[in-house]
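Chains, contacts and geometry: an overview
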Amino acid sequence: MTTVQDSPTAAGSGASASQNFKAKALADAGSSPERVSAVVTAVLQGVHAAIREHNVTYPEFQAAKAWLMEVGEVGEWPLFMDVFVEHVVEEVAASSQRGTLGTIEGPYYLPDQVRLDATCELPRRPDEKGSPLVLSGQVRDLDGTPLAGAEVDIWHADADGYYSGFAPQLPDGNLRGVVVTDAEGRFAIRTVQPAPYQIPTDGPTGKLIEAAGWHPWRPAHLHLMVRADGHRTITTQLYFAGGEWLDSDVAEATKPELILDPVDDGTGTRRARYDFELEPA
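Residues numbered from 1 in each chain as written. Predicted model: local features only at pLDDT ≥ 70, side-chain atom pairs only at ≥ 80, totals over all residues. Heavy atoms only, no water.

1. Regarding the overall build of the protein
Operational definition: Runs of H or I in DSSP of at least four residues are treated as helices and runs of E of at least two as strands, each being numbered from the N terminus. Each residue is placed in one exposure class: buried if its accessible area under a 1.4 Å probe, protein chains only, is under 20% of its type's maximum, exposed if it is over 50%, and partly exposed if it falls in between. In what follows, residue pairs with any heavy atoms lying within 4.5 Å of each other are defined as contacts. Note that accessible areas follow from Shrake-Rupley with a 1.4 Å probe, and for residues the cover is restricted to the protein chains shown.
Summing up its helical and strand segments, the protein has 6 helices and 14 strands in all. Looking at the protein residue by residue over its 281 residues, the buried ones come to 44%. Within the protein, contacts between residues separated by at least 24 positions form 75% of all contacts whose residues are at least 6 apart in sequence. Carbon and sulfur atoms make up 55% of the accessible area of the protein, which totals about 14,600 Å².

Laid out in structure tokens, this is it:
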């Protein structure tokens, strides 16, 4: 059974996510005025249709305005958008892509982590909790050619469901690293199995989830961003067979093709393999 855990505060996580997002994603998307007009008009028409269909009252409208203001004030827009919207954007992007399936990036990515050799152990605390886990595999082109020097940028929560950089009790860079594949495109990463976790529930996103009667849980997963020169970067997540919340992920990001089934090697270490195929850019 999953035990309820304390979560980093919404304000603390929101501030970290917002700062990181602004640092890497505020560049001009290059959309024309016509494109902006078409998309924004469609979004507004969807809102207008929902108001009419459900006979939204003035008190409900004012409550929504107050909630939107609070989301901005505590910096939860990255959290809200990544949990409830990003999976559809990723679905649209995936329709024209080949190679390994992607899924959402989420709000907890941090760039410029330590570079590690192909066979490595992720940075961790001396007393890091969690079942030992080794993820190995190969990065290849679509034609099967190994991609030497590809980067497997990996990050994940600890055994209590916390991410370094977003939970104050964790050292910077904990359970994060950029693994560089060997001459055959191979890698083997030793880490610990992450836990399922709740998205922060003490802020406005949590209030919405509670008001709607939803649950706030994500299944245990590894985040990966796999890249190589001349190829499209894959951003994905790998889940664990039999894990809780696989069928009801609050972020709706799970895919059957992204589920690992680690096997104990007899020493207490669980081992899983996953290969990545990158399409040309």
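2. Looking at the packing of aromatic side chains
Where two aromatic rings form a pair, the distance of their centres and the angle of their planes describe that pair. In plain terms, the rule: Note on aromatic pairs: the rings of Phe, Tyr and Trp (six-membered ring only in Trp) are paired at centre separations within 6.5 Å, and the planes decide the class, stacked below 30 degrees, edge-to-face beyond 60, tilted for the rest.
Applying the stated rule across the entire model yields 14 aromatic pairs. Consider the rings of F187 and F276, whose centres lie 6.2 Å apart with planes at 35°: the pair is tilted. Here F187 is found in strand β6 (residues 186–192), whereas its partner F276 is found in strand β14 (residues 276–278), with 89 residues between them in sequence. Take F187 and F276: they sit in the same class, and that class is buried. Of the aromatic side chains, those joined through ring pairs into one cluster are W67, W77, F80, F84 and W214.

3. Quick look at the pattern of salt bridges
Convention followed: Whenever Lys or Arg places a side-chain nitrogen within 4 Å of a carboxyl oxygen from Asp or Glu, that contact is recorded as a salt bridge.
The full count for this structure, using the stated rule, is 16 salt bridges. A salt bridge links D158 to R125, with the shortest nitrogen-to-oxygen separation between them at 3.2 Å. Residue D158 is located in the loop between β4 (151–156) and β5 (176–180), and its partner R125 is located in the loop between β2 (119–121) and β3 (132–141); the two are separated by 33 residues in the primary sequence. Residue classification places D158 among the buried positions, given a relative accessible area of 2%. Residue R140 pairs with D275 through a salt bridge whose shortest N-O separation is 3.2 Å. Here D275 lies in the loop between β13 (270–273) and β14 and R140 lies in strand β3, a separation of 135 residues in the sequence. Judged by relative accessible area, R140 falls into the buried class, the value being 17%. What makes D275 partly exposed here is its relative accessible area of 25%.

4. Section: the environment of P204
Position of P204 relative to the elements: it lies in helix α6 (residues 204–212). Between the C-alpha atoms of P204 and A66, which are 138 residues apart in sequence, the distance is 9.8 Å. Those residues in contact with P204, other than ones at most four positions away along the chain, are W67, E70, V71, V74 and E76.

5. Quick look at α6
All of the buried residues along α6 are P204, T205, G206 and I209. Buried-residue contacts for α6 involve α3 (58–73) and α4 (77–84). A positive phi of about 75° marks G213, the residue just after α6.

6. Thoughts on unusual backbone geometry
Phi is mostly negative for residues that are not glycine, and the peptide bonds are mostly trans. Of note, the phi angle at W245 is positive, near 70°, even though the residue is not glycine. Position of W245 relative to the elements: it lies in the loop between β10 (234–240) and β11 (259–260).

7. Side note on the nonpolar core
Keep this limit in mind: Put simply, a nonpolar core is a bunch of buried Ala, Val, Leu, Ile, Met, Phe, Trp, Tyr and Cys residues held in one set by side-chain atoms that sit within 4.5 Å of each other.
If you look at the biggest cluster of nonpolar residues, it comprises 45 residues, and the most contacted ones within it are V139 and L224. Elements that contribute at least two residues to this core include exactly α4, β3, β4, β6, β9 (221–227), β10 and β14. Ignoring any residue separated from it by four or fewer positions in sequence, one finds L224 in contact with L135, V152, D153, I154, W155, I234, T235, T236, L238 and F276.

It is worth stressing that arrangement in space is one thing and function is another; only the former is reported here.
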